[in-house]
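Given next are the chains, with one letter for each unit.
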Amino acid sequence: MLLLLVMKERMLSGVKPSGRPHIGNYFGAMRQFVELQSEYDEVFIFIADYHALNTLQNREEMRQNILDLIIDYLAIGLDSKNVVLYQQSRISAHTELAWVFDTIVQMGYLKRAHAYKDAEAKGVDINVGTFNYPILMAADILLYDATAVPVGKDQKQHLEFTRDIAEKFNKIYGDIFTLPESIIVESVETVPGLDGRKMSKSYDNTIPLFASREEIERLVKKIVTDSSGDRPENVYALHKLFKSEEELAPIYEEYKGKYGELKRILAEDVDAFIAPMRERRAEIAKDVEGVKEILDNGANIAHELADAKMQLVRDRLGVVL
Ligand code: ADP
Ligand code: TRP
């Protein structure tokens, strides 16, 4: 009998609880969590609450956002029976491993991070946590030997950093970390926000994933359109997420130049897509205790794996006698 040693394929990803998830988060990353959950041996999806601390420093808001995000994860279709759902802050090995990585990564290397360069270009003095962001993210991923990490395009560099950090550690202390692959849907360009910039919680230009019909209509009306040309590109770019180009062609032909009409149709399509998830979310939100229990279970499973890995790391570092 041929015995094959098959490596476990483990998918892992996370989102910060820094505000309501939006359709950019969904199409860029969260949808892939759901679509791929049955393709891997193990799936870990977490709430990057310690990363969110860089921008959110308010106790009540943090608590609410964490609770909201776990409900969101369930509402988009993550199956808590097969997916380990947990909070980053409850597994102290994440920050511990980040410290270890701090000691092998050079300042000059981290200064190449887009987020840091943007801040530098704007002349703003960022906090150390923002500078170190990619290191904590590398720890999030490497701690669990994740093989696949679905993220939006803007996270590509962070995944490259993660691989570099793994290689560097492996070179110094011996091979113990698995190099992860990023899973990026190239066809989903960075989803534009209402103002045409990248849709982002930090720009206040989003259409929340669980927005009400009224909210969707109000927000879609706010999409900034170029007044020249037949086709409002910002409207079209969002529309493409909900209908195929073939379906859209006759609509954009019929309503050429009629931006108001096109926005009305977009709002309808967004709502038709969101409505079932919104209803599921309302159901799940009724059982807060059940939802917290899911996070407790997830923490127990993640904890065990993370601790075992950290023990191995400490041994390699030479701090175990
Ligand atoms: P935000 O920029 O709104 O704070 P996050 O940084 O929490 O979003 O991103 C969560 C996930 O969603 C990441 O994988 C990120 O790449 C993806 N993402 C965020 N904004 C967009 C966007 N406008 N288009 C596509 N993907 C996005
Ligand atoms: N940086 C990611 C974002 O902004 C969130 C994140 C933190 C993450 N740690 C991660 C994503 C580990 C994937 C894997 O969206």
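In this text, all values refer to a predicted model and were calculated from it rather than measured experimentally.

Reading the values: rules and limits
Residues numbered from 1 in each chain as written. Chains lettered and ligands numbered in written order. Predicted model: local features only at pLDDT ≥ 70, side-chain atom pairs only at ≥ 80, totals over all residues. Heavy atoms only, no water. Near = heavy atom within 4 Å. Polar contact = N/O pair within 3.5 Å; in protein donor to acceptor, adjacent residues only side chain to side chain. Areas by Shrake-Rupley, 256 points an atom, 1.4 Å probe, with all protein chains shown as cover. Nonpolar A, V, L, I, M, F, W, Y, C, P; charged D, E, K, R; others polar. Buried < 20%, exposed > 50% of the residue type's maximum accessible area, 1.4 Å probe, protein only. Helix = DSSP H or I, 4+ residues; strand = E, 2+ residues; numbered from the N terminus. Pairing = 2+ DSSP bridges. Contact = heavy atoms within 4.5 Å. Core = buried A, V, L, I, M, F, W, Y, C linked by side-chain atoms within 4.5 Å. Domains from an automatic or database assignment.

Once that is clear, we can look at the site of ligand 1. Around ligand 1, the surrounding shell holds 16 residues, and the nearest of these are His22, Asp154, Val191, Ser200 and Lys201. One of the side-chain nitrogen or oxygen atoms of His22 is found 2.7 Å away from an oxygen atom of ligand 1. Take Gly24: an N or O atom from its main chain is 3.2 Å from a nitrogen atom of ligand 1. Summarising the interface, the protein chains cover 94% of the accessible area of ligand 1, which totals 540 Å² for the free molecule. Taken together, the residues of the shell around ligand 1 sort by class into 4 nonpolar, 8 polar and 4 charged.

In this section: the pairing of strand E3 (residues 83-87). It is a general feature of regular strands that their side chains alternate between the two faces of the sheet. Here E3 lies mainly inside the structure; 5 of its 5 residues are buried. In this structure, strand E2 (residues 42-47) lies alongside E3, joined through 5 bridges in parallel fashion. In the sheet register, Phe44 faces E3, and the bridge partner there is Val84.

The topology assignment puts Arg10 in strand E1 (residues 10-15). According to the relative accessible area criterion, Arg10 is buried, its value standing at 10%. Polar contacts involving the side chain of Arg10 include one to the main-chain carbonyl oxygen of Tyr144, which spans 2.4 Å. Aside from chain neighbours lying at most four places away, what touches Arg10 is Tyr40, Glu42, Phe44, Tyr144, Asp145, Ala146, Thr147, Ala148 and Leu305.

One broad rule of soluble globular proteins: the nonpolar side chains tend to lie buried together. Ile23, Ile45, Tyr73, Leu85, Ile207 and Leu238 are the most contacted members of the largest nonpolar core, which totals 60 residues. Inspection of this core shows a minimum of three residues originating in each of domain 1 (10-188 + 298-317) and domain 2 (201-282). Discounting chain neighbours no more than four positions away, the residues touching Tyr73 are Gly14, Val15, Met30, Phe33, Ile45, Phe46, Ile47, Leu78 and Leu85. Ala98, Phe101, Tyr133 and Ala306 belong to the second largest nonpolar core, which has 45 residues in total.

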